[in-house]
Amino acid sequence: MKSPAIRIATALILAAGIAAPGVVAQQKPARDFDKEIRAAVESAKTAAGFDFLGTLARICLLPQSGGENTNDTVPDYITKPASAPARDTWYADPAKVFDNLYFVGGNIHSSWALTTSQGIILFDTIFPYNSEELIIGGMKRLGLNPGDIKYVLISHAHSDHIGGAEMIQKQYGARIVMGGPDWQSVERYPNRYKTMAPKRDIVATDGMKITLGDTTVTIWETPGHTPGTLSYTFAVRDQGRPVNVAYSGGTAFNFVNNTPNPGIQNFQTYINSQRHMAEQAAATRATVILSNHSEFDNAVNKNRMIAGRGNGPHPYEVGAEGVQRYFQVMQGCARAAQLKLEQQLAP
Ligand SMILES: [Zn+2]
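All figures in this text were calculated on a predicted structure; none of them were measured in a lab.

**Q** So what about the sheet that holds strand β10 (residues 230-238)? Which residues, and what values?
**A** Taken in spatial order, the 5 strands make up an open sheet running β8-β9-β10-β11-β12, and their pairing is mixed. Unpaired on one side and paired on the other, β8 (209-212) and β12 (288-290) mark the two borders of the sheet. On average, each strand axis in the sheet is tilted by 25° relative to the strand beside it, whichever way the strands run. In terms of strand pairing, β8 meets strand β9 (residues 215-221) through 4 bridges, oriented antiparallel. Bridge pairing in β9 links Lys209 to Thr218. Packing against the sheet, helix α13 (residues 319-345) makes contact with β11 (241-247) and β12, and its axis sits at approximately 35° to β12.

The following block contains the structure:
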């Protein structure tokens, strides 16, 4: 015996089916792209909460750059060093963040020194005009020896992260690790990378492990921000307690994103990379998310909070669930932007 509700529903379905006898193929209702875009942004906002407002603002709310960067001109701060941004716009104090991880970055961009039993692994450098003071100077202030730098892992070949790699390779003989496509960019644009072009060294692959003494960093290919962008997982110690870190290597949408082709595919590459990295973060139970811009992980403010921490929780620890939310912000914002391009193709 059918319930009245089912009977009414069945009658409605039958009525709908015979209501338009002349129509051969039933038309699907038009997709409501605006609604889908709002939902994607909303999911990113919910995931961001109060923890990741900088990332949310950068990739969900602010306008994005669009086209491919094919310029090969020497940057002004190389040809006219006096035109480099004033020191007080970028200077920040170095800080010991974990037992074996040190912040040696600036007010905007970050560089991190991971100490091991056999030397130092450095994550990212900064511009050519401030890597010497912030990284080398910062390490010395913290009692670290720059001569101990054995590896420099460059998340991607943009001048705000690769700017000190050539200098550290030349002065300290450190090995440089970077994604294959980003090594190619460095070689393709000799003027753009003037003084920032380390000699080709280690080409990273997905799952590659860099081991130095008692410490291993695992590299994950996360193309999107650039074709060779890398992210990492590794462990640090907080007052002796092991803590797992996920390091997100590229964030903003400064790939070609202003036309459906190749924008839709570029966003898909980016989204897939964030899923890949979220899986690795979950597998290693990462409770800390780090990046190379304070805008995204709030590093400079958190460094100040460490000083007043007392016996409280570590300010960088957002929990495993928090780390997953970080990657949901990236995915939600990328999906919203991808939907806008799909909308352009809709009839
Ligand atoms: Zn970049």
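Now that the structure is up, let's keep going.
**Q** Report on the nonpolar core, specifying residues and quantitative values.
**A** One finds Ala246, Phe253, Ile289, Val323, Phe327 and Cys333 to be the most contacted residues of the largest nonpolar core, which totals 37 residues. At 11 residues, the largest contribution of residues to this core is made by α13. Those residues in contact with Ala246, other than ones at most four positions away along the chain, are Tyr232, Met277, Ala281, Ala286, Val288, Ile289, Leu290, Val323 and Phe327.

**Q** So, the coordination of the zinc ion: which residues are in play, and what are the values?
**A** Surrounding the zinc ion are the protein donor atoms His156 (NE2), His158 (ND1) and His225 (NE2), at 2.1 to 2.2 Å. Residue class for His225 comes out buried when judged on its relative accessible area of 8%.

**Q** So what's going on with the pattern of salt bridges? Residues and values would help.
**A** Applying the stated rule across the entire model yields 15 salt bridges. Through salt bridges with shared partners, a single network forms among Arg31, Glu36, Arg335 and Glu342.

Rules used in this analysis
- Residues numbered from 1 in each chain as written.
- Predicted model: local features only at pLDDT ≥ 70, side-chain atom pairs only at ≥ 80, totals over all residues.
- Heavy atoms only, no water.
- Pairing = 2+ DSSP bridges.
- Helix = DSSP H or I, 4+ residues; strand = E, 2+ residues; numbered from the N terminus.
- Axes fitted to C-alpha atoms, helices over the stretch in contact; angles between N-to-C directions.
- Contact = heavy atoms within 4.5 Å.
- Core = buried A, V, L, I, M, F, W, Y, C linked by side-chain atoms within 4.5 Å.
- Buried < 20%, exposed > 50% of the residue type's maximum accessible area, 1.4 Å probe, protein only.
- Donors = N, O, S within 2.8 Å, 3.2 Å for Na, K, Ca; no water.
- Salt bridge = Lys/Arg side-chain N within 4 Å of Asp/Glu carboxyl O.

Such coordinate-based values are descriptive only and should not be taken to indicate function.
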